[in-house]
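A look at the structure
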Amino acid sequence: MTHVITRLCLRDSGCVDVCPVECIVPGKPVDQWPWYYIDPDTCIDCGACIPECPFEAIFVEDETPAEFTAQGGEYVSMPAGTPGFDTVYDGENHHGDPVHLEHTRVLEAGETIDLTPDIQPNYDYFEDGPGYSALD
Ligand code: SF4
Ligand code: SF4
């Protein structure tokens with residue numbers, strides 16, 4: 001088991017600063033890997049990252065909701081080319097740096113989405129994606 005980051009991540013980066021084993025990294029390139037990702041082999045499940053996320057994007061892997069109910073107004077972010085994700089998000093991260101995401105959409109109040117497909121990218125980023133070299 002590990003902790004995972006989901007499509008609710010808007011690259012705030014606050015979780016990175018508190019992780020005692022430095023296993024959270026920003027996805028790059030952003031168009032393909034829009035979230036931050038947790039290296040499942042390094043995460044010690046301390047839970048310190050969860051309360052740091054202003055968007056509540058981090059879950060214990062086996063508690064990742066299959067039916068996440070939106071309050072309304074949350075942005076979700078996906079890789080370029082994902083159908084329906086054509087809204088631009090502009091914000092600021094934990095350190096006051098600008099964040100620009102081009103492939104987002106805004107959830108409606110009461111809308112329900114399955115976040116469990118977001119578990120696997122946390123593994124893939126480090127096994128097959130650029131996350132492997134990011135930790136070298
Ligand atoms: S604090 Fe939340 S939004 Fe920010 S990088 Fe971490 S998971 Fe993503
Ligand atoms: S649960 Fe702890 S070790 Fe795992 S990513 Fe979060 S802060 Fe890091």
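A brief look at the structure comes next. Starting afresh in each chain, residues are numbered from 1 along the sequence in its written order. Following the order in which they are written, the chains are lettered starting with A and the ligands numbered starting with 1. Side-chain atom pairs in this predicted model are given and counted only at pLDDT of 80 or more, local residue features only at pLDDT of at least 70, and totals for whole chains, interfaces and linings cover all residues.

**Quick notes on the sheet that holds strand β8 (residues 98-106)**
Taken in spatial order, the three strands line up as β6-β8-β7 in an open sheet, and their pairing is antiparallel. Of all the strands in the sheet, just β6 (75-77) and β7 (87-92) have a single pairing partner and so form its edges. For this sheet the average axis-to-axis angle between neighbouring strands, irrespective of direction, equals 60°. The rule for pairing is simple: two strands pair if DSSP sees at least two bridges between them. Here a strand is any run of E in DSSP of at least two residues, a helix any run of H or I of at least four, and the numbering for each starts at the N terminus. The pairing of β7 with β8 spans five bridges and is antiparallel. Note on β8: the bridge partner recorded for E92 is P98. Note on definitions: angles span 0 to 180 degrees between N-to-C directions of axes, and those axes are lines fitted to C-alpha atoms, for helices only across the stretch in contact.

**Some remarks on the site of ligand 2**
Residues in contact with ligand 2 amount to 14 residues; listed here are only the nearest, C19, C43, C46, A48 and C49. For the shell around ligand 2, a count of residues per class yields 11 nonpolar, two polar and one charged. Near, for a residue, is defined by distance from a backbone-placed C-beta atom to a molecule or strand, with 6 Å as the limit that must not be exceeded. Each residue gets one label: Ala, Val, Leu, Ile, Met, Phe, Trp, Tyr, Cys and Pro are nonpolar, Asp, Glu, Lys and Arg are charged, and the others, such as Gly, are polar.

**As for the nonpolar core**
With 22 residues, the main nonpolar core has I5, C9, C15, I24, Y36 and I58 as its most contacted residues. Counting only elements with at least two residues in this core, the list comes to β1 (3-5), β3 (36-38), β4 (58-60) and α2 (119-127). Residues are defined as contacting one another if the C-beta atoms placed from their backbone atoms lie within 7 Å. Residues within four places of C9 in sequence aside, it is in contact with W35, Y36, F55, A57 and S77. As used here, a nonpolar core is made of buried Ala, Val, Leu, Ile, Met, Phe, Trp, Tyr and Cys residues. They are joined through C-beta atoms within 7 Å. Every C-beta atom is placed from the backbone, and the number of other C-beta atoms within 10 Å of a residue's own sets its class: buried at 20 or more, exposed at 12 or fewer, partly exposed in between.

**Details of the site of ligand 1**
Around ligand 1, the structure places 14 residues, and the nearest of them are C9, D12, C15, Y36 and C53. Across the shell around ligand 1, the residue classes break down as nine nonpolar, two polar and three charged.

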